[in-house]
Protein chains: 2
Amino acid sequence: MKRAFLYPELADYTKKKKKAEVVFKNARVLNVFTEEILPGDVACQNGVIVGIGAYDGVEEVDCGGKILVPGFLDGHLHMESTLVTPSELVKNAVGFGTTTYIIDPHEAANVAGADGIDYLIRDTEHVPANVFVMMPSCVPATFFEDNGGSFSAQDMAAYRDHPRVLGLGEVMDFPSVEAVEPSMMEKLALFQDRVMDGHAPNLTEQQLQLYALAGIRTDHEATTFAYARQEARNGMQVLIREGSAARNLDEIVQGIVEHGMNTDSFSFCTDDKHIEDIRREGHISHHIRRAIALGIPPVKAIQMATINTARTYGLRHLGAIRAGAQADLVLLDDLETVSIADVYYRGKNVREMEPRPVVPNENLTQTVHIKPVRLEQLALPVDGEGDVIGVIPGQLITQHQRAVLPQAGGFFTPNGEYNKIAVVERHHATGKMAVGAIAGFGITGGAIASSVSHDSHNIIVVGDNDPDMLLAIQELERTGGGYTITAGAKVCHTLPLPILGLISDWPHEKVDKRVKEMTALAYQMGVNPGISPFITLSFMALPVIPELRLTARGMFDVVKFAFCDERGSWDGGTAG
Amino acid sequence: MKRAFLYPELADYTKKKKKAEVVFKNARVLNVFTEEILPGDVACQNGVIVGIGAYDGVEEVDCGGKILVPGFLDGHLHMESTLVTPSELVKNAVGFGTTTYIIDPHEAANVAGADGIDYLIRDTEHVPANVFVMMPSCVPATFFEDNGGSFSAQDMAAYRDHPRVLGLGEVMDFPSVEAVEPSMMEKLALFQDRVMDGHAPNLTEQQLQLYALAGIRTDHEATTFAYARQEARNGMQVLIREGSAARNLDEIVQGIVEHGMNTDSFSFCTDDKHIEDIRREGHISHHIRRAIALGIPPVKAIQMATINTARTYGLRHLGAIRAGAQADLVLLDDLETVSIADVYYRGKNVREMEPRPVVPNENLTQTVHIKPVRLEQLALPVDGEGDVIGVIPGQLITQHQRAVLPQAGGFFTPNGEYNKIAVVERHHATGKMAVGAIAGFGITGGAIASSVSHDSHNIIVVGDNDPDMLLAIQELERTGGGYTITAGAKVCHTLPLPILGLISDWPHEKVDKRVKEMTALAYQMGVNPGISPFITLSFMALPVIPELRLTARGMFDVVKFAFCDERGSWDGGTAG
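Residues numbered from 1 in each chain as written. Chains lettered and ligands numbered in written order. Predicted model: local features only at pLDDT ≥ 70, side-chain atom pairs only at ≥ 80, totals over all residues. Heavy atoms only, no water.

1. A short note on the overall build of chain A
Applicable threshold: A run of DSSP states H or I qualifies as a helix once it reaches four residues; a run of E qualifies as a strand once it reaches two. Both are numbered from the N-terminal end. Each residue gets one of three labels from its accessible area relative to the maximum for its type: buried under 20%, exposed over 50%, partly exposed in between, using a 1.4 Å probe on protein chains only. In this description, contact between two residues means that some pair of their heavy atoms is separated by no more than 4.5 Å.
Looking only at helices and strands, one finds 18 helices and 30 strands in chain A. The principal-axis extent of the C-alpha atoms belonging to chain A is close to 85 × 50 × 45 Å. Taken across its 576 residues, chain A has 67% of its residues classed as buried. Sequence separation of 24 or more characterises 68% of the internal contacts of chain A that already satisfy a separation of 6 or more.

Spelled out as structure tokens, the structure:
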């Protein structure tokens, strides 16, 4: 990444010939290189740390002996998954100390291609945080996806030299890497000398080596310490994920502590985290706190949240408090509890900074186009044992179950144990849709639906009766996307997500409130308390995470990387 | 650094669909990321590690349970200082496990500008090691130097995208950095997003911060642990130097051990190491062995010699044994003693590889041009107390002593305690020369001279009588540069260094033998056993290392960064 050469104009502030614009007085400063906490004043000019020692400033912030640590980095996240606009997300999350976000806008790209990416870049141009972008590598996620936009190596080339583009986003399509598939090779070749993120659950040792050979440098899909260690052995940085649905931190960190493992190969990321979870438990600050609770020394935990990630992504000006680094700082009352007193971005208190969001164009706000669905299209014929998606609490992976489903007249009759699930294509009104069975979700007396449904973001709905499922689909068509819950032939609650069908234009407080109400209602309706209703639902159509998923074309066996069969798969043009 | 995208042709070897060209069977493999030693076969194809596990190869090397570690990296060295051609040096040193050399060809550039750099690049094109080049940043070293060539930011720009150029070489001229001197700023701006090496002895805390603010990322001049730690605090990588003259390892490593310091910020370099010292005690292997002896765990010591350095210089394909890394390997009988069984570069045994040296052009072999020196020009008038260069055994820094020198008739009469030292311009026959006094060198009954004299590489001579000093100057003019010792009006021994006046065209064995004979003779003649006669001499004219030096223009006070006075300074055009 090219940066301006600011030294000539900053040197006089280091030399104390000029007074720096802001000085953090009487701090105890965490040095992530030497792992020391040293007393000093931190002088900042033009958003850059120009000196640490005894300094006077034009403005002075008395730290009163509190601890100054570098701003935290989230190594991998999808901002679209937080339901609020990128600028609204940053405005909220930065207060929890995360001053750098390395985003993969692949949800936006899946809905609207390059236009979606441009929206995220533009909306994060003027926010009180660093937002870097990885180029979505798998849009569409697979060749058989029915998503809204595509993003090829040719499309990426135009972004390669963008100052906020760091490399290639999570390469989820491992089969294409393994098969040396030409369009994937083009993308890898384009970013060979840059950071390329992986997305590699459950690979064999040999497959992980193939991934490393291809130049993949990170992964955030490890769910066990043994797997994380195997990735580290291959020189990959393990981005320990703790989001709303996927919570992998405890298992990995317990292993690190137990094995006395060097923490250099580990960083933190959220991947997908809902705004209400951020507000409840924090952001990367939560990772740090949890890691400390599990036995990681506080300084090491903060390294994992700062310098380890900055180093991985070649962000030399971030992740440390030293002369020449950007003045992104978190003031902690206490190192053990990570109690945050204040957060500073480029030397300014983030509470005093307002993002300047952009207004999305119409092509980004009118993205739900559905061919009308008839009730009978939701019927699922069954005959003997059938495929069932088995939800696993706290995990993104599902189980591929086989079960004899409850039925009447040759058709599946869902109940609280076995819910019905359906996916409806919503970008080009093709009429493609599919229906299946799911265990472990648990909704009764209604349906729950979403237009956030990785990665194609078609309409996904789960319920125990067809009329409520149909109503939920119709409600999301009406609102241009969103979350909805229906019961007894009525819409109970909807959160409209008009931007790309993924993002609300409401402030986060209002989104939070609505999501909380809807989540509470979902649990009241029987949803498994071990899952997060909307987040878990949103991953049930993603055909790149094992073991079984439902796409608009039918049940997909991710392990075999093939559709299960034609049963349960309708095409609007031919069915009914 | 851009590298070819080799994955498509290598993947089949990882998958075992094709047999790799060489497999290291039954190894115990050191993983520098996880700090484990794991059993496995290491499969290599086209010089790249394609897999670790159970592999069969076209050729198989039975490691018999020995330990395979990554090839070592020398983070900073001047190949010209080894007296042999670059290709000859590599051929010799690589057997000690150093498979990567990050060189700063600033000696060659000081004699012949870009032509000198090109010679080093060309001569290391076909050697069994990786040779990367840092652009010499201070040629000439100061504005008042009388050297042979210059190398500006404009000259560097042409090299910026060379695949073996990594960044800006040691920025020795700290005063220009501090003073925001425009031509220095041009160089820093040019390499702002690349690695920039420092060279910073004895800076204050504030000056070190200024250095870090300017973007300097490394330093190899730390002589104490406290100073090294201060550099680490600024995010700089400390390249712990252990060469022929400067031996800083023990002090720094003892501090690391004593303070239980994280070793991530430390790497190894030789800077300047003579071939006979390499053959006697090893190269980077010696650093590792010594660090272990001082209490660094062996795995950490090897990290300091491998991955720490590779990471610092952005050499992602080096410094580790993992799929996708280059197959530069060292086979160790034992990890504690670092006893080297074999060394492999790109999967091939270096004993079976021959470098292909280039023949230097005439402009590189006829570089000594001296205006004839008369005996009376060596006379040094003295009056009361005078400046004396105080040699410190094992250090590059000198003491600025003041002493009443022995004299006769108003002229200095050197003896074993106070030797005479002279520097004669040798590039453009300008006739510039200067004479001074030096303590702690100790030669009696003759003189010792060299055309290797950092950084201007003028003729430098030390002795206890003028006739032998003059004869030594004349001898080096005759041989086109070299080392010589004279005694009793006779030349005792000469090592001709016809290439740039710095490098021999002999094989290293012959150079070794001659240097050994000459060094032994120097000690017989009284030279201080705590110094290395020729290496120590070669630094006495370098006006950027404190405290006192002699240049062709006179005694220079490095602390004040000013000439002491006019006394002892002759200009050929006006003196005599």
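After presenting the structure, the write-up continues.
2. A short note on the packing of aromatic side chains
We count it as follows: Stacked, edge-to-face and tilted labels apply to pairs of Phe, Tyr and Trp rings (six-membered ring for Trp) whose centres lie within 6.5 Å, assigned for plane angles under 30 degrees, over 60, and everything in between, in that order.
On inspection of all chains with the given rule, the structure shows 20 aromatic pairs over all chains. Their ring planes at 65° and their centres at 5.0 Å tell us that A:Phe144 and A:Phe563 sit as a pair that is edge-to-face. Of this pair, A:Phe144 sits in the loop between strand S8 (130-135) and helix H5 (153-157) while A:Phe563 sits in strand S29 (residues 562-563), placing them 419 residues apart in sequence. The exposure class assigned to A:Phe144 is buried, which follows from its relative accessible area of 6%. Arranged with centres 4.5 Å apart and planes meeting at 35°, the rings of B:Phe144 and B:Phe556 form a pair that is tilted. Placement of the pair is B:Phe144 in the loop between strand S8 (130-135) and helix H5 (153-157) and B:Phe556 in strand S28 (residues 554-557), with a sequence separation of 412 residues. Across the pair, B:Phe556 and B:Phe144 agree in class, each one buried.

3. Structural notes on the relation of the copies chain B and chain A
Definition in use: Copy-to-copy superposition: least squares on the C-alpha atoms, limited to residues that have pLDDT of at least 70 in both copies.
For the match of chain B to chain A, the screw axis carries a shift of 0.0 Å, the RMSD comes to 0.1 Å, and the turn is 180°. Such a combination of turn and shift is consistent with a two-fold rotation axis. The residues that chain B uses at the interface reappear at the interface of chain A in 100% of cases, marking a shared surface.

4. Regarding the interface of chain B and chain A
Operational definition: Accessible area, probed at 1.4 Å, shrinks when two parts are joined; the buried area is that loss added up over both. Should a side-chain nitrogen of Lys or Arg be within 4 Å of a carboxyl oxygen of Asp or Glu, the pair is scored as a salt bridge. N or O atoms within 3.5 Å of each other form a polar contact, as long as, within protein, one can give a hydrogen and the other can take it, and as long as residues adjacent in sequence are counted only when both atoms are side-chain atoms.
Each partner contributes to the interface: chain B provides 55 residues, whereas chain A provides 55 residues. Of the roughly 4600 Å² buried at the junction of chain B and chain A (both faces included), carbon and sulfur atoms supply 57%. Our count for the chain B to chain A interface comes out at 4 salt bridges. Linking chain B to chain A there are 12 residue pairs in polar contact (both at pLDDT 80 or more). Those elements giving two or more residues to the side of chain B that touches chain A turn out to be helix H1 (7-14), strand S2 (36-45), strand S3 (48-53), helix H6 (174-178), helix H7 (182-190), helix H8 (205-213), helix H9 (225-233) and helix H13 (298-305) of chain B.

5. Focus: the pattern of salt bridges
This model, assessed by the stated rule, comprises 58 salt bridges over all chains. Residue B:Arg280 pairs with B:Glu281 through a salt bridge whose shortest N-O separation is 3.6 Å. Judged by its relative accessible area of 14%, B:Glu281 falls in the buried class. Three or more residues are tied together by salt bridges with common partners; here these are A:Glu242, A:Arg247, A:Lys273, A:Asp277, A:Arg280 and A:Glu281.

6. Some words on helix H12 (residues 284-293) of chain A
All names here are of chain A. Across the 10 residues of H12, 7 count as buried, placing the element largely inside the fold. All of the buried residues along H12 are Ile-284, Ser-285, His-286, His-287, Ile-288, Ala-291 and Ile-292. Two residues or fewer after H12 comes Gly-295, characterised by a positive phi angle close to 115°.

7. Quick word on the packing of helix H1 (residues 7-14) of chain A against H8(B)
Condition: Only the stretch in contact is used when a helix axis is fitted, and all axes are lines through C-alpha atoms; the angle between N-to-C directions ranges over 0 to 180 degrees. The scheme is simple: roughly parallel for angles under 35 degrees, roughly antiparallel for over 145, roughly perpendicular for 65 to 115, oblique for anything else. Each crossing is labelled by how the near helix is turned from the far one, with a counterclockwise turn of less than a right angle marking it left-handed and a clockwise turn marking it right-handed. In the scheme used here, Gly and all other residues not listed as nonpolar or charged are polar, with Ala, Val, Leu, Ile, Met, Phe, Trp, Tyr, Cys and Pro taken as nonpolar and Asp, Glu, Lys and Arg as charged.
Contact pair H1(A) / H8(B): the axes reach a minimum separation of 10 Å and the direction vectors enclose 160°. With respect to H8(B), the element H1(A) is oriented roughly antiparallel. Both H1(A) and H8(B) take part in a crossing whose hand is right-handed. Packed against H1(A), whose contacting residues are A:Tyr7, A:Leu10, A:Ala11 and A:Thr14, the element H8(B) presents B:Gln206, B:Gln209, B:Leu210 and B:Leu213 at the interface. Each residue belonging to the contact of H1(A) with H8(B) can be placed in one class, and the counts come to 5 nonpolar, 3 polar and no charged.

8. Observations concerning the environment of A:Lys490
All names here are of chain A. Here Lys-490 is to be found in strand S26 (residues 490-496). In this structure the C-alpha to C-alpha distance between Lys-490 and Pro-201, which are 289 residues apart in sequence, comes to 40 Å. If we skip the residues at most four places from it in the chain, Lys-490 touches Asp-468, Leu-471 and Ile-485.

9. Some details on the environment of A:Ile485
All names here are of chain A. Residue placement: Ile-485 occurs in strand S25 (residues 482-487). With a relative accessible area of 0%, Ile-485 lands in the buried category. Along the sequence, Ile-485 and Thr-536 sit 51 residues apart, while their C-alpha atoms lie 15 Å from each other. If we skip the residues at most four places from it in the chain, Ile-485 touches Ala-447, Ile-448, Lys-490, Val-491, Cys-492, His-493, Met-518, Leu-521, Ala-522, Met-525 and Phe-534.

10. Points about the sheet that holds strand S28 (residues 554-557) of chain A
All names here are of chain A. Spelled out, the test is: Pairing between two strands is assigned when DSSP locates at least 2 bridges connecting them.
Taken together, the 3 strands give an open sheet; going across it, the order is S27-S28-S29, and neighbouring strands pair in antiparallel fashion. Lying at the two open borders of the sheet, with one neighbouring strand each, are strand S27 (548-551) and S29. Examined bridge by bridge, S27 and S28 share 4 bridges and lie antiparallel to one another. In the sheet register, Leu-548 faces S28, and the bridge partner there is Asp-557.

11. Topic: the pairing of S25(A)
Residue and element names in this part refer to chain A. For S25, the tally of buried residues reaches 5 of 6 residues, placing the bulk of the element in the interior. Examined bridge by bridge, S25 and S26 share 6 bridges and lie antiparallel to one another. In the sheet register, Tyr-483 faces S26, and the bridge partner there is Leu-495. Once S25 ends, the chain turns through 2 residues before running back antiparallel as S26, passing Gly-488 with a positive phi of about 55°.

12. Considering unusual backbone geometry
A negative phi holds for most residues other than glycine; trans holds for most peptide bonds. In this chain, B:Val139 is followed by B:Pro140 through a cis amide linkage whose omega measures 0°. The omega torsion of the bond from B:His454 to B:Asp455 falls at -15°, within 30 degrees of zero and hence cis. Along the chain, B:Asp455 turns up in the loop between strand S23 (446-450) and strand S24 (459-463). If you check the backbone angles, A:Asn46 has positive phi at about 50° while not being a glycine. Summarising the element assignment, A:Asn46 is placed in the loop between strand S2 (36-45) and strand S3 (48-53). Not every positive phi belongs to a glycine, and A:Ala429 is a case in point at roughly 50°. Structurally, the position occupied by A:Ala429 is in the loop between strand S21 (418-424) and strand S22 (432-439). Judged by its relative accessible area of 32%, A:Ala429 is partly exposed.

13. Quick notes on the environment of B:Gly390
Residues and elements named next belong to chain B. The topology assignment puts Gly-390 in strand S17 (residues 385-391). Since its relative accessible area comes to 0%, Gly-390 is described here as buried. Along the chain, Gly-390 and Ile-438 lie 48 residues apart, while their C-alpha atoms are 6.0 Å from each other. Apart from residues lying up to four places away in sequence, Gly-390 is in contact with Thr-398, Gln-399, Gln-401 and Ala-439.

14. Digging into the nonpolar core
To keep it simple, the criterion reads: Residue types Ala, Val, Leu, Ile, Met, Phe, Trp, Tyr and Cys, when buried and joined through side-chain atoms within 4.5 Å, form a set referred to as a nonpolar core.
Core analysis: the largest hydrophobic core is formed by 148 residues, its most contacted members being A:Tyr101, A:Met135, A:Leu188, A:Ile240, A:Ile288 and A:Leu500. Not counting residues within four places of it along the chain, the set of residues in contact with A:Ile240 comprises A:Asn248, A:Leu249, A:Ile252, A:Val253, A:Ile256, A:Phe266, A:Ser267, A:Phe268, A:Cys269, A:His287 and A:Met304.

15. Here's the deal with the side chain of A:Asp264
Keep this limit in mind: Counting rule applied: Lys, Arg positive; Asp, Glu negative; His and chain ends not counted.
Secondary-structure assignment places A:Asp264 in the loop between helix H10 (249-259) and strand S13 (266-269). Of the side chains with opposite charge, B:Arg311 comes closest to the buried, unpaired A:Asp264, at an N-O distance of 4.3 Å. Setting aside anything within four residues of it in sequence, one finds A:Asp264 in contact with A:Gln237, A:Asn308, B:Asp264 and B:Arg311.

16. With respect to the sheet that holds strand S29 (residues 562-563) of chain B
Sheets are built from strands paired through backbone hydrogen bonds, the pairs being either parallel or antiparallel. All names here are of chain B. The sheet built from 3 strands is open, its strands ordered S27-S28-S29 with antiparallel pairing. Strands with a single pairing partner mark the edges of an open sheet, and in this sheet they are strand S27 (548-551) and S29. For S28 and S29, the ladder comprises 2 bridges, and the chain directions are antiparallel. Bridge assignment links Phe-556 to a residue of S29, and that residue is Phe-563.

17. Some thoughts on helix H4 (residues 114-123) of chain A
All of the buried residues along H4(A) are A:Gly116, A:Ile117, A:Tyr119, A:Leu120, A:Ile121 and A:Asp123. On its buried face, H4(A) sits against helix H2 (86-93), strand S7 (98-103), helix H3 (106-112), S8 and helix H15 (362-365) of chain A.

18. Digging into the confidence of the model for chain A
The predicted coordinates of low-pLDDT regions are not to be read in fine detail. Test applied: Looking at any residue, its pLDDT shows the predictor's confidence there, from 0 to 100.
Looking at chain A as a whole, the pLDDT averages 94, with 98% of positions reaching at least 70. Of the two predicted TM-score estimates for the complex, the pTM is 0.90 and the ipTM is 0.89.

19. Concerning the packing of helix H12 (residues 284-293) of chain B against H13(B)
Residue and element names in this part refer to chain B. At a minimum axis distance of 9 Å, the contact between H12 and H13 shows a crossing angle of 150°. Regarding the angle of H12 to H13, the classification is roughly antiparallel. In this structure, H12 meets H13 at a crossing whose hand is right-handed. Of the residues in H13, those in contact with Ile-284, Ile-288, Ala-291 and Ile-292 of H12 are Pro-298, Ala-301, Ile-302 and Ala-305. Counted by class, the contact of H12 with H13 contains 8 nonpolar, no polar and no charged residues.

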